[in-house]
Amino acid sequence: MCVSCGCGSHDVTISGAHGEHRHHAHGHDHSHVHGDEHHHHGEGAGTDATRTVEIERGILAKNDAYAARNRARLNAGGIVALNLLAGPGAGKTTLLVETLRILGARVPAAVIEGDQQTANDAERIRATGTPAVQINTGKGCHLDAHMVGHALDELPLPPGGLLFIENVGNLVCPAAFDLGEEVRVTLLSVTEGEDKPLKYPDIFQSADLVLLTKTDLLPHLDVDIDAMERNIARINPVAPVLHVSTKTGGIGLAAWLGWLGDIRRRRLDGLAAAAESRAKSLRAAAEALP
Ligand code: MG
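Only a predicted model underlies this, so the values are computations on that prediction, with no experimental measurement involved. (Residues numbered from 1 in each chain as written. Predicted model: local features only at pLDDT ≥ 70, side-chain atom pairs only at ≥ 80, totals over all residues.)

A few points about the overall build of the protein
Within the protein one finds eight helices and nine strands. In the protein, buried positions account for 37% of the 290 residues. In the protein, once contacts between residues fewer than 6 apart in sequence are set aside, the share between residues at least 24 apart is 75%. (Helix = DSSP H or I, 4+ residues; strand = E, 2+ residues; numbered from the N terminus. Buried ≥ 20, exposed ≤ 12 C-beta atoms within 10 Å, placed from the backbone. Contact = placed C-beta atoms within 7 Å.)

Structure (structure tokens):
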């Protein structure tokens, strides 16, 4: 169940290269937030409102515990996980397919795809030669850390590998759920309007990078791209904003790949430093008497 909209997440399917299994969300809170009623927080809703807040806290605490487990597992394996967030149709899968094509065999990568239904996106990813697991969330409107933990079982990645997690297309609920990722990338297509960052601030506020997609369309649109960027900066003044398009030979893809390369290099440098420090203490132990 989602803390933002009260949707269900009890009928999840995870499909990898080894077939599919239905996943009953035994790790989730099975309580309900009375989806048919309105809860006006702080307006005297009394015990209902209190109970809603308690359930929200419980769900997020459980999710955070699973996220911490995922993060520890990914860190131990030296894997860089990216949570890709956007509304439906912003171009997440198209950008991913193009990114994986360019990275080719040079950078090990894997993908977890989140959608309510269909394995279309995982199939598009697999066509690039990259392993992909599809999570179908049924009525759920976001991925959570418990589902991602199960998907990780299907995707062995070497140290320094990039794990892209494409969240369910939704500008609201995915923002509330930590998946154990290292970085969050929020995509907004230039067709969506300048004021989306102000209307849906959470998903922009938690981003480490914002990608403005489909910029090849700008000459055909009335959108004020400077206002769009100002609105992003009002919500999140620190995240860099890159303009990208996969059309007309690719716009801004070098900057996006450079950003990816930087976070991967940081991770590999960290692993190397830890290995050197371990080697040093082993040598010191070897030299100690007797
Ligand atoms: Mg997609």
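A word on unusual backbone geometry
What is expected of a backbone is that most residues other than glycine have negative phi and most peptide bonds are trans. Here the phi dihedral of Thr118 falls at roughly 75°; this positive angle occurs in a residue that is not glycine. Following the sequence through the fold, Thr118 ends up in the loop between strand 4 (109-115) and helix 3 (120-126). Here the phi dihedral of Lys214 falls at roughly 60°; this positive angle occurs in a residue that is not glycine. Tracing the backbone shows Lys214 in the loop between strand 8 (209-213) and helix 7 (225-235).

Section: the nonpolar core
Ranked by internal contacts, the top residues of the largest apolar core, which has 60 residues, are Val148, Leu163, Phe164 and Ile165. Those residues in contact with Val148, other than ones at most four positions away along the chain, are Asn70, Ile112, Leu143, Ile165, Leu179 and Gly180. (Core = buried A, V, L, I, M, F, W, Y, C linked by C-beta atoms within 7 Å.)

Quick word on the environment of Gly91
One can find Gly91 in the loop between strand 3 (80-85) and helix 2 (92-103). Taking C-alpha positions, Gly91 is 9.9 Å from Gly169, a pair spaced 78 residues apart along the chain.

Structural notes on the environment of Val97
Residue placement: Val97 occurs in helix 2. Taking the number of C-beta atoms within 10 Å as the measure of exposure, Val97 has 19 and is therefore partly exposed. Between the alpha carbons of Val97 and Asp121 there is a distance of 9.5 Å; along the sequence they are 24 residues apart. Those residues in contact with Val97 that sit more than four places away from it in its chain are Arg124, Ile125 and Thr128.

Considering the confidence of the model for the protein
For residues with low pLDDT, the predicted coordinates do not support detailed interpretation. Averaged over every residue, the pLDDT of the protein is 89; the share at 70 or more is 89%. This model gives residues 26-45 a pLDDT under 50, and the stretch forms 24 contacts once residues within four places in sequence are excluded. (pLDDT = per-residue confidence, 0-100.)

What about helix 8 (residues 253-287)?
Given a rise of 1.5 Å per residue, 35 residues ought to cover 51 Å, and the 50 Å separating the end C-alpha atoms of helix 8 matches this to within 8%. For helix 8, the buried fraction is low: three of the 35 residues fall into the buried class. (Expected span 1.5 Å × (residues − 1).)

Considering helix 7
For helix 7, every residue scored as buried is listed here: Met228, Asn231 and Ile232. Along the axis of helix 7, the buried positions cluster into a sector of 100°, meaning they face one direction only. Residues of helix 7 that are exposed and angled more than 90 degrees away from the buried face: Asp226, Ala227, Arg230 and Arg234. Looking at the buried positions of helix 7, the neighbouring elements they touch are helix 5 (196-199), helix 6 (201-205), strand 8 and strand 9 (241-243). (Arc of directions from axis to C-beta.)

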